[in-house]
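# Summary of the model geometry
Below are the chains, spelled out letter by letter.
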Amino acid sequence: MRSPVRVALVQEASGLDPDVNRAALDRLVPAGADLVVLPEAFARDFGEAGSDVSPYAEPLDGPFATEVGRVAGERGATVVAGMFETGPDPDRPYNTLVARGAEEAAYRKVHLYDSFGYRESDRLTAGPPEPVLVDVAGTTVGLMTCYDLRFPELARLLVDRGAEVLVVPAAWVAGERKVDHWRTLVRARAIENTVFVVACAQPAPRYCGHSMVVDPLGDVVAEAGDGAELLTAELHPDALVAARRTNPSLANRRL
C-alpha cells in the first residue's frame, strides 16, 4: 500500500517585484511535505488589468524556476508555482506552472481568462491543449491553472492519462459569486473524476483565497479563509480506490 501524499498549499499574495517574490520562496515553502503548491503568477502578479507582463517573463532555466528547483531540492519535495514564461511571441508570454522536484514539468495555461471583463489573451499566449503530469511520491499529479477549472474537458483528459490528483494554482479574482463558483467547481472536478483536487489561490483583497483540498467523493478535506495562510493535508491513495469502487462513474462511461 502506498503512503499518503503530504501536501502544503501556500496561500500567499505575490507582489510586483519579482526579486521579492523569488526571495520569499525559501521562507514560504515548508519542510515535511511531498508536494508544495503556490498560486498562479507567483513570480510576479498580473498588475493592473490589461498590464503588459512581457518584461517579467523568464525562461524555464531563469532565476525564478531555478530558485523553485533549489528550494524543492532542499526540502525534498515537489514544488509547483506560477510564472510568466518567455515564448515565441516576445510581447505575449505564456502563463506557466513550473514543477520542480524528483521530476520536472512545465504546464502552459490553455484557457486564458477572457471572462468577467478581463482579456488575458491580449497579453498572454495560450499553451497547447496537452495534458501535463508529474509523479509525486508514486502518485500521478495533473496540472491545471485557474480559469482551466471551468473547462471539465481538461480535467478529464488528465484523468484519462492517469492523474489521481489535480493541482490547480490560481489567482481567482474576487467579486460577486466568485467564491461560490470557485468552491463549486473545485468540488465538481473532484466528484466527476473521482480524484483529489488541490487548489491553491492568491488571497484577498484582490483575489478570493479559499484554497482547498477536496477528496474523490467531493468532501472538503481542508479549506483556507481569504487571508494569507498555509494549508496542509494528507492524500490517502486508499481513499481514491474506495471512492472509485463506490462511484465507478469513469468505468460506467459510454463513449
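Note: the structure precedes this text.
Everything numeric here is computed off the predicted structure, so don't read it as measured data.

## Some thoughts on the sheet that holds strand 2 (residues 35-37)
- Strand order in the open sheet made by the 6 strands is 5-4-3-2-1-12, with mixed pairing throughout. In the strand order of this sheet, the two ends are held by strand 5 (105-108) and strand 12 (229-235), each with one partner. Here the average twist between neighbouring strands, direction ignored, is 20°.

## Overview of the sheet that holds strand 11 (residues 220-223)
- Spatially, 6 strands are ordered 6-7-8-9-10-11 in an open sheet, and the strand pairing comes out mixed. The sheet is open, and its two borders are formed by strand 6 (133-136) and strand 11, each paired with just one other strand. The mean inter-strand angle of the sheet, taken between neighbouring strand axes irrespective of direction, is 20°.
- Here 3 bridges tie strand 9 (residues 196-201) to strand 10 (residues 212-214), and the two strands are oriented antiparallel to one another. When the bridges of strand 10 are listed, Ala199 appears paired with Met212.

## Focus: the pairing of strand 1 (residues 5-11)
- With 6 of its 7 residues buried, strand 1 lies for the most part within the structure.
- Across 7 bridges, the pairing between strand 1 and strand 12 is antiparallel. Bridging from a neighbouring strand, Val7 pairs with Ala233 of strand 12.
- Alignment of strand 1 against strand 2, held across 3 bridges, turns out to be parallel. Bridging across to strand 2, Leu9 finds its partner in Val37.
- With respect to chirality, the unit in which strand 1 leads through helix 1 (residues 18-28) into the neighbouring parallel strand 2 is right-handed.

Reading the values: rules and limits
Residues numbered from 1 in each chain as written. Predicted model: local features only at pLDDT ≥ 70, side-chain atom pairs only at ≥ 80, totals over all residues. Heavy atoms only, no water. Pairing = 2+ DSSP bridges. Helix = DSSP H or I, 4+ residues; strand = E, 2+ residues; numbered from the N terminus. Axes fitted to C-alpha atoms, helices over the stretch in contact; angles between N-to-C directions. Buried < 20%, exposed > 50% of the residue type's maximum accessible area, 1.4 Å probe, protein only. Right-handed = clockwise from strand over helix to strand, strands pointing away.

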